[in-house]
Amino acid sequence: MGRYVARRLLQMIPVFFGTTLLIFLMVYSLPGDPVAGLFGDKGASPATIEAIKHKLGLDQPLWKQYWDYMSGIILHFDFGTQIRNDRPVTEVLGDAFPVTLQLATLAFAFELIFGIGLGIIAGLRAGRLADNSILIFTLLIISIPVFVLGYIIKMVFAFNLGWIQPNVSNDQLWSEMIAPAVVLGGLSLAYVARLTRTTMAENLRADYMRTAIAKGLPRRRVIGVHLMRNSMIPVVTFLGTDIGALMGGAIVTERIFNVKGVGGLIAESITRREGTTLVGLVTILVIVYLVTSLLIDLLYAVLDPRIRYA
Amino acid sequence: MRGATHAKWAALATAVALAATACGGGDDSGGGGGADGIVSSSWGDPQNPLEPANTNEVQGGKVLSMIFRGLKEYDPKTGEAKDMLAEKIETTDSVNFTVTVKDGWTFSNGEKVTAQSFVDAWNYGAALKNNQKNAYFFGYIEGYDKVHPEEGEATADTLSGLKVTGPQTFTVKLTQKFSTFPDTLGYAAYAPLPKAFFDDHDAWLAKPVGNGPYTIDSYSKGSQMQLKRWDDYPGDDKARNGGITLKVYTDNNTAYTDLIAGNLDLVDDVPAAQLKNVSADLGDRYINTPAGIIQTLSFPFYDPAWNKPGQEKLRQGLSMAIDRNQITETIFQKTRTPAVDWTSPVLGEEGGFKDVCGDFCKYDAAEAKKLVAEGGGIPGGTMKISYNADTGSHKEWVDAVCNSINRALGNNTACVGNPIGTFADFRNQVTTQKFDGPFRAGWQMDYPLIQNFLQPLYYTNASSNDGKYSSEEFDKLVDQANAESDIPKAVGLFQQAEEVLRDDMGAIPLWYQNGSAGYSERVENVTLNPFSVPVYNQITVK
């Protein structure tokens, strides 16, 4: 087990460098000049553009820029400076990540509790009314685009009923985050419910289930331990990869609810060609993905004792 | 089981409602009413550090308009340049100016505003090493080529044309005659700076200190800035509210919904998608006034195919093929006004706004078709109008312009749009002369003078002359106008230059952009100045 974890951690190093290099190259091959863009529609002094580029190191050859950037991150935890307003990227990330983490946590809790809950109900009553209505409900959620769902929730709950604030304020209160979290977690909730339902319905017919019932175990134990534990593997896989998606992919939801998080920052950095900010964001998201996928692989062994890591 | 699901939803919703009501009271848009009431206003993250000579867009401009006052201040209604800190600005030859700064003004940290405060600030703004984006504003002052050379290292630290001659007086020497120079001094780049700016630059940037009617109370970058009224402010335009809270929004739609929900007092950019609902949502609490912004189509005069003699008829014909009225009504919901010249209505008639374009800016399909044919037709048979597709509603109007041209010319392939993914890429291609057809151009005035709408854009090799338009006659008239010390005569000469521009159709004027704003029932006396920035100090809270 220890050796397995060590090996996985070592594997992260080339993945980390590979992804950052790829993103770095991709950003710098985008057309356009981010420094000239700062001047708006007005003519820019070429001397000032040169000077700004020199200050930010953008006049260096690409390999040197990448080298300086990576050594800055690894040696000093320095992600560079934004082109846009001279802010250090660490400060920008430090503002955006806590907000996103807050939103992602709520959304994750929402999809975990309601997704698995609905899945269990549907799985245990496969083919009956509850199952069918949950099927329709999840299909509906999957088919509604996120921005439609976002605006509907905003309109109904904030304006027609007046129960919630339409936007997240600058204080980022937990109560304000509920609506965006429901929208963000909605789609995944549907997937989790469908996955849980299918595996549970299948495993209900498994031999070990019949054995457990035949042994006279109480129903709670049969379902809670024997059935759940075996049915959770695909669900856990999905939930794990979803953490990364919740953190980085909330662009639309963040925009609708005025959440100043990572998703909006990524979109903005792409249009403004803010290389340092974008690579910094992606670097952290890559680490999140790597760590969660390791945790999930380890969870497999807990859920299914037959899986062993040497 | 469905009932149970519903119960869960209801429980969740109730929890949300309880939480929302519990936490709603602490919002900072509350504050007291009356003279001490705080106004909350929508904001975007400023693009540049908040240095006066480094701010070239509206979001940073909002802050500067509150914390700085310069030698001149533009009247929020008429745009006229009026003395603010200037006691007097004298000249006999339109080259050498003597500026006397009023006594009794201080920065909010107590430091006196002297002639030195201005000279230091201007030298800082001009110097190449400080990377200030508005450095070109100091380009008329003698010695600029030394502190900000086009290439290579600067050979001087200060502008030789600026000399402090007394505690409250300094002289300015320009490189050429420029009679309206004093009227440009209301622009934020010319603001004075306190010693603290130079002594501890980082601390100053974290919390800028100026001499305007407001002081910055707190500033958290990327989310909000709280400004408080400065009670000891010596000027006449004291703040009539207790302070302004600028809140950053992800886009103008969310800001608008917060205004409707009562969490925000002022939105200064009503989203295009909401324009249809504005009168129902806000009634008369919606403002739509002209701003000093004009949109044009520029031509690639650097391309031989677009720079042949006789092609002025082609350009005039294209101008007449654009149905400006229809496009401004249907696409912009009247937040744009069809253009009749190359300046802006905010200048007023005295300032030089006049229907110079005449019939050339009116839609006339038959005449357009005739002129285009006389002008040799569209080079290559099809022209591409280039624009950036990432912001604004450029795609919509470019497509509409092309439809209008194609319809007028009876040719479905005469004009097509050419979207460019990002603004940075678009500007890159514009400044490196990559486009082989017309491209969109927009100009937001720096100061309300007719000179600012003509010289930087159409003078030979001027800084923003992206299409490389060039006309000896136009240049000559502009030079004459700048040398003319009698202002009405100077304006007349600029208008003559504009007529030259019309006869060449150096760029097609499309429409003037309006500034729009909506406000809550809590506040009154909300107006926008000609720069489409709200006049914050006049807002009162009920």
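The structure displayed is predicted, hence computed values, not measured ones.

1. Observations concerning the overall build of chain A
Check the secondary structure of chain A and you find 13 helices and zero strands. Shown N-terminal to C-terminal, the secondary structure of chain A runs as helices and strands in the order α-α-α-α-α-α-α-α-α-α-α-α-α. Here the C-alpha coordinates of chain A stretch approximately 85 × 60 × 30 Å along the principal axes. Across the 310 residues of chain A, 50% fall into the buried class. Looking at chain A alone, contacts between residues at least 24 apart form 74% of all its contacts between residues at least 6 apart.

2. What to know about the overall build of chain B
When helices and strands are tallied, chain B shows 18 helices and 19 strands. A total of 542 residues make up chain B; the buried ones form 56% of that total. Across chain B, every contact between residues at least 6 apart in sequence was considered, and the portion connecting residues at least 24 apart equals 67%. Of the charged side chains in chain B, 48 are positive and 69 negative, and the gap between their average positions amounts to 3 Å.

3. With respect to the layout of surface pockets
Looking at the second largest pocket, its volume works out to about 1,200 Å³. Along the walls of the second largest pocket sit 46 residues, with Ala44(A), Glu150(B), Asn461(B), Ala462(B) and Ser463(B) positioned nearest its centre. When residues of the lining of the second largest pocket are traced back to their parent elements, those giving at least two are helix 3 (46–56) of chain A together with helix 4 (144–147), helix 15 (423–431) and helix 16 (450–458) of chain B. It is helix 3 of chain A that provides the largest number of residues to the lining of the second largest pocket, a total of five residues. Its residues placed into classes, the lining of the second largest pocket shows 17 nonpolar, 19 polar and ten charged.

4. Regarding the nonpolar core
Of all hydrophobic cores here, the largest spans 136 residues; its most connected members are Trp122(B), Phe138(B), Phe170(B) and Val172(B). The residues contacting Phe138(B), other than those within four sequence positions of it, are Ala53(B), Trp122(B), Gly125(B), Ala126(B), Tyr144(B), Leu159(B), Ala189(B) and Tyr190(B). Of all hydrophobic cores here, the second largest spans 79 residues; its members include Met70(A), Phe79(A), Val168(A) and Val288(A).

5. Brief notes about the UniProt feature "transmembrane region" (unreviewed entry) in chain A
Cross-referencing UniProt, the feature "transmembrane region" (unreviewed entry) maps to residues 12–30, 101–122, 134–153, 173–193 and 278–303 of chain A in the present numbering. Taken as a whole, residues 173–193 of chain A contains 95% helix and 0% strand, while its terminal C-alpha atoms sit 28 Å from one another.

6. Notes on the UniProt feature "domain: ABC transmembrane type-1" (unreviewed entry) in chain A
Feature annotation in UniProt places "domain: ABC transmembrane type-1" (unreviewed entry) on residues 97–300 of chain A, given in this structure's numbering. For residues 97–300 of chain A, the end-to-end C-alpha separation is 28 Å, with 83% helix and 0% strand making up the annotated structure.

7. Quick notes on the interface of chain B and chain A
Counting residues at the interface gives 57 residues for chain B, matched by 52 residues for chain A. For the pairing of chain B and chain A, the buried interface totals around 4,700 Å² over both sides, and the portion due to carbon and sulfur atoms is 59%. Contact with chain A buries area across many residues of chain B, yet Gln47(B), Asn131(B) and Thr250(B) alone supply 12% of it, more than any other trio. Counting the contacts that link chain B with chain A gives two salt bridges.

8. Topic: the packing of helix 6 (residues 129–143) of chain A against helix 8 (residues 174–203) of chain A
Residues and elements named next belong to chain A. As a packed pair, helix 6 and helix 8 sit with axes 8 Å apart at the nearest point and diverge in direction by 145°. When you trace helix 6 past helix 8, the crossing you get is left-handed. Between helix 6, through Asp131, Leu135, Phe137, Thr138, Ile141 and Ile142, and helix 8, the contact on the second element is made entirely by Gly186, Leu187, Leu189, Ala190, Tyr191, Ala193, Arg194 and Arg197. Its residues assigned to classes, the contact of helix 6 with helix 8 comprises nine nonpolar, two polar and three charged.

9. As for the pairing of strand 14 (residues 383–388) of chain B
Residue and element names in this part refer to chain B. Strand 14 sits mainly inside the fold: five of its six residues count as buried. Across six bridges, the pairing between strand 14 and strand 15 (residues 415–420) is parallel. Paired with Tyr387 across the bridge in strand 15 is Pro419.

10. With respect to helix 18 (residues 487–504) of chain B
Residue and element names in this part refer to chain B. Counted at 1.5 Å a residue, the expected span for helix 18 with its 18 residues is 26 Å, and the 26 Å between its end C-alpha atoms agrees. Restricting attention to buried positions, one finds in helix 18 the residues Ala490, Val491, Leu493, Phe494, Gln495, Ala497, Glu498, Val500, Leu501 and Arg502. Where helix 18 is buried, its residues touch helix 10 (312–320), helix 12 (348–351), helix 16 and helix 17 (472–483). One or two steps after helix 18, the chain reaches Met505, where phi turns positive at roughly 45°.

11. Some words on the state of the cysteines
A covalent bond between the sulfur atoms of two cysteines is what we call a disulfide. All names here are of chain B. Overall, the coordinates contain two disulfides over all chains when judged by the stated rule. Note on cysteine connectivity: Cys357 is disulfide-linked to Cys361, with sulfurs 2.0 Å apart. Its S-S torsion of approximately 85° makes the covalent link between Cys357 and Cys361 right-handed. Overall, Cys357 belongs to the buried group, its relative accessible area being 2%. Cysteine pairing in chain B follows 1-2, 3-4, where each cysteine in a disulfide is numbered by its order in the sequence.

12. Brief notes about the sheet that holds strand 7 (residues 169–173) of chain B
Strand pairing in a sheet takes place through backbone hydrogen bonds and is either antiparallel or parallel in direction. Residue and element names in this part refer to chain B. One open sheet holds the four strands; their spatial order is 4-5-7-6, and the pairing between them is antiparallel. A strand with exactly one partner marks an edge of an open sheet, and here the two such strands are strand 4 (86–91) and strand 6 (162–164). On average, each strand axis in the sheet is tilted by 20° relative to the strand beside it, whichever way the strands run. Looking at chain direction, strand 5 (residues 96–101) and strand 7 are connected through five bridges and run antiparallel. Note on strand 7: the bridge partner recorded for Phe97 is Val172.

13. Quick look at helix 7 (residues 146–160) of chain A
A rise of 1.5 Å per residue sets the reference length of helix 7 of chain A, with its 15 residues, at 21 Å; its end C-alpha atoms lie 20 Å apart and thus fit the reference within 8%. Looking at helix 7 of chain A, one finds that the buried residues are Leu149(A), Gly150(A), Ile153(A), Lys154(A) and Ala158(A). Burial along helix 7 of chain A is one-sided: seen end-on, the buried residues are contained in an arc of 130°. The inward-facing, buried residues of helix 7 of chain A abut helix 8 and helix 11 (251–256) of chain A together with helix 8 (252–260) of chain B. Once helix 7 of chain A ends, the next one or two residues include Gly162(A), with phi positive near 70°.

14. Focus on the packing of aromatic side chains
Tallied over the entire structure, the rule returns 42 aromatic pairs over all chains. Their ring planes at 45° and their centres at 5.2 Å tell us that Phe110(A) and Phe114(A) sit as a pair that is tilted. Of this pair, Phe110(A) and Phe114(A) are both found in helix 5 (residues 89–124), four residues apart, which corresponds to roughly one turn of the helix. Given a relative accessible area of 9%, Phe110(A) falls into the buried group. Take Phe114(A): its relative accessible area is 21%, and that puts it in the partly exposed class. The ring of Phe299(B) carries the charged tip of Arg315(B) above its face, separated from the ring centre by 6.0 Å. Over the face of the ring belonging to Phe332(B) we find Arg336(B), whose NZ or CZ atom lies 4.2 Å from the ring centre.

15. Topic: a negative patch on the surface
Among the surface-exposed residues, Glu50(A), Asp59(A), Glu150(B) and Glu151(B) lie close enough to one another that they form a single negatively charged patch. By relative accessible area, which is 67% here, Glu150(B) ends up exposed.

16. Considering the pattern of salt bridges
For side chains bearing opposite charge, pairing can occur when the charged atoms are close. Considering all chains together, one arrives at 31 salt bridges over all chains under this definition. Across the salt bridge formed by Arg502(B) and Asp503(B), the nearest N and O atoms sit 3.2 Å from each other. Salt bridges here are not isolated pairs; linked through shared partners, they connect Arg84(A), Glu268(A), Arg272(A) and Asp45(B).

17. Section: the side chain of Asp341(B)
Residues and elements named next belong to chain B. Looking at the secondary structure, you find Asp341 in the loop between strand 13 (336–338) and helix 12. Of the side chains bearing the opposite charge, Lys354 lies closest to the buried Asp341, which forms no salt bridge; the N-O distance is 9.3 Å. A distance of 2.4 Å separates polar atoms of two side chains, one belonging to Asp341 and the other to Thr343. Look past the residues within four positions of Asp341 in its chain and what remains in contact with it is Ile294, Gly352, Phe353, Lys354, Val356, Cys357, Glu498, Pro509 and Tyr512.

What counts, and at which threshold
Residues numbered from 1 in each chain as written. Chains lettered and ligands numbered in written order. Predicted model: local features only at pLDDT ≥ 70, side-chain atom pairs only at ≥ 80, totals over all residues. Heavy atoms only, no water. Helix = DSSP H or I, 4+ residues; strand = E, 2+ residues; numbered from the N terminus. Buried < 20%, exposed > 50% of the residue type's maximum accessible area, 1.4 Å probe, protein only. Contact = heavy atoms within 4.5 Å. Lys, Arg positive; Asp, Glu negative; His and termini not counted. Charge placed at Lys NZ, Arg CZ, Asp CG, Glu CD. 1 Å grid on protein atoms, 1.4 Å probe; cavity = no way out; pocket = protein on both sides within 12 Å on 5 of 7 lines; lining within 4 Å. Points joined across faces, edges and corners; volume = space filled by probe spheres on them. Nonpolar A, V, L, I, M, F, W, Y, C, P; charged D, E, K, R; others polar. Core = buried A, V, L, I, M, F, W, Y, C linked by side-chain atoms within 4.5 Å. UniProt positions renumbered as here; feature names shortened; annotations may be inferred. Buried area = accessible area lost by both parts, 1.4 Å probe. Salt bridge = Lys/Arg side-chain N within 4 Å of Asp/Glu carboxyl O. Axes fitted to C-alpha atoms, helices over the stretch in contact; angles between N-to-C directions. Left-handed = near helix turned anticlockwise from the far one by under 90°. Pairing = 2+ DSSP bridges. Expected span 1.5 Å × (residues − 1). Disulfide = S-S within 2.5 Å. Arc of directions from axis to C-beta. Phe/Tyr/Trp six-rings, centres within 6.5 Å; stacked < 30°, edge-to-face > 60°. Lys NZ or Arg CZ within 6 Å of the ring centre and 35° of its normal. Patch = residues over 30% accessible without salt bridge, like charges linked within 9 Å, V, L, I, M, F, W, Y side chains within 5 Å. Areas by Shrake-Rupley, 256 points an atom, 1.4 Å probe, with all protein chains shown as cover. Polar contact = N/O pair within 3.5 Å; in protein donor to acceptor, adjacent residues only side chain to side chain.

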